[in-house]
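Residues per chain are reported as follows:
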Amino acid sequence: MQRIYVGERAVSPATGVPRWVVVDSGTYRLHDEAVTYLASLRARDCSPNTERVYAGRVALYLNYCLMRRVDWKTPGFLGLAGLQQWLVEAPLPSRRGEARPGPVRFRSRATANAVMTGVAEFLRFGATHGWVPASTTALLSEPKLLRFTPPGYDTGEFGQQREAQAASFRFRIAEPGY
């Protein structure tokens, strides 16, 4: 049986509080690191919808790593770049089921950016707990020079604060006109 991770809603029998977890769909075994990350979202008072969405995004990342035989803790640059491309190139399953297949759908670049943001936060969280090496988190962002700063932004006496960290794995998306 192939292992496939899914985000599931779990209700504690003791408290009745709903939580989101990432489980193996065949055995319902929890993915410990992903569940800890989702618990940290709860502890930071994030919305239950944020927790739900991030559970799906982390499960999607773990499934990609299983499918490509990549260690989720050390995906490397090519693994993360491959995930980004796979997100927009892999067709989504039909909403109608296999009996009545509908038109082929794909994720948008904006959705791929959102998934990559969730994956990056999960990996950064893993680095703070020692699960993910610092070399992996170093791949997630790169310095970017701010040529134009917002009004009131202090760039420092010699402009030393013009540098910000920008996501390395991000599609450029044209904003529609107003």
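You'll find the structure just up there.
Numbering of residues starts from 1 in every chain and runs along the sequence as written. Only residues with pLDDT of 70 or above have their local features reported here, since the model is predicted, and side-chain atom pairs are shown and tallied only from 80 upward, although totals for entire chains, interfaces and linings are computed over all residues. Working from all heavy atoms in the structure, the side-chain values ignore hydrogens and water.

Below, the discussion takes up the pattern of salt bridges. For this analysis, a salt bridge means a side-chain nitrogen from Lys or Arg found within 4 Å of a carboxyl oxygen belonging to Asp or Glu. Counting across every chain of the model gives two salt bridges. Close ionic contact of R42 with E51 constitutes a salt bridge, the shortest N to O distance being 2.1 Å. For E121, the salt bridge goes to R124, with nearest N and O atoms at 3.2 Å. Of this pair, E121 and R124 are both found in helix α4 (residues 109–128), three residues apart, which corresponds to roughly one turn of the helix. Note on classification: 1.4 Å probe, protein chains only; a residue is buried when its accessible area is under 20% of the maximum for its type, exposed when over 50%, partly exposed between these limits. The class of E121 is partly exposed, set by a relative accessible area of 32%. Only runs of H or I of at least four residues qualify as helices and only runs of E of at least two qualify as strands under DSSP, and these elements are numbered from the N terminus.

Turning to the packing of helix α3 (residues 76–89) against α4, a few remarks are in order. At a minimum axis distance of 9 Å, the contact between α3 and α4 shows a crossing angle of 145°. Both α3 and α4 take part in a crossing whose hand is right-handed. Between α3, through L80, L83, Q84, L87 and V88, and α4, the contact on the second element is made entirely by R109, A112, N113, V115, M116, V119 and L123. Classifying every residue of the contact of α3 with α4 by side-chain character gives nine nonpolar, two polar and one charged. The convention used is that axes are lines fitted to C-alpha atoms, helices contributing only their stretch in contact, and that angles between N-to-C directions extend from 0 to 180 degrees. The sense of a crossing depends on the near helix, which, turned anticlockwise from the far helix by less than a right angle, makes the crossing left-handed and, turned clockwise, makes it right-handed. Note on contacts: a residue pair is in contact if any heavy atoms of the two residues lie within 4.5 Å. Three classes are used: nonpolar for Ala, Val, Leu, Ile, Met, Phe, Trp, Tyr, Cys and Pro, charged for Asp, Glu, Lys and Arg, and polar for all others, with Gly counted as polar.

With that out of the way, let us pick up the packing of aromatic side chains. Geometry of aromatic contacts follows a simple scheme: Phe, Tyr and Trp rings, the Trp one being its six-membered ring, pair when their centres are within 6.5 Å, and the pair is stacked under 30 degrees between planes, edge-to-face over 60, tilted otherwise. Considering all chains together, one arrives at seven aromatic pairs under this definition. Taken together through their ring pairs, the aromatic side chains of Y37, Y54, W72, F122, F125 and W131 make up a single cluster. Ring-over charges, as used throughout, are those where CZ of Arg or NZ of Lys falls within 6 Å of the ring centre and within 35 degrees of the ring normal. Taking the ring centre of W86 as reference, the NZ or CZ of R107 above it sits at 5.6 Å.

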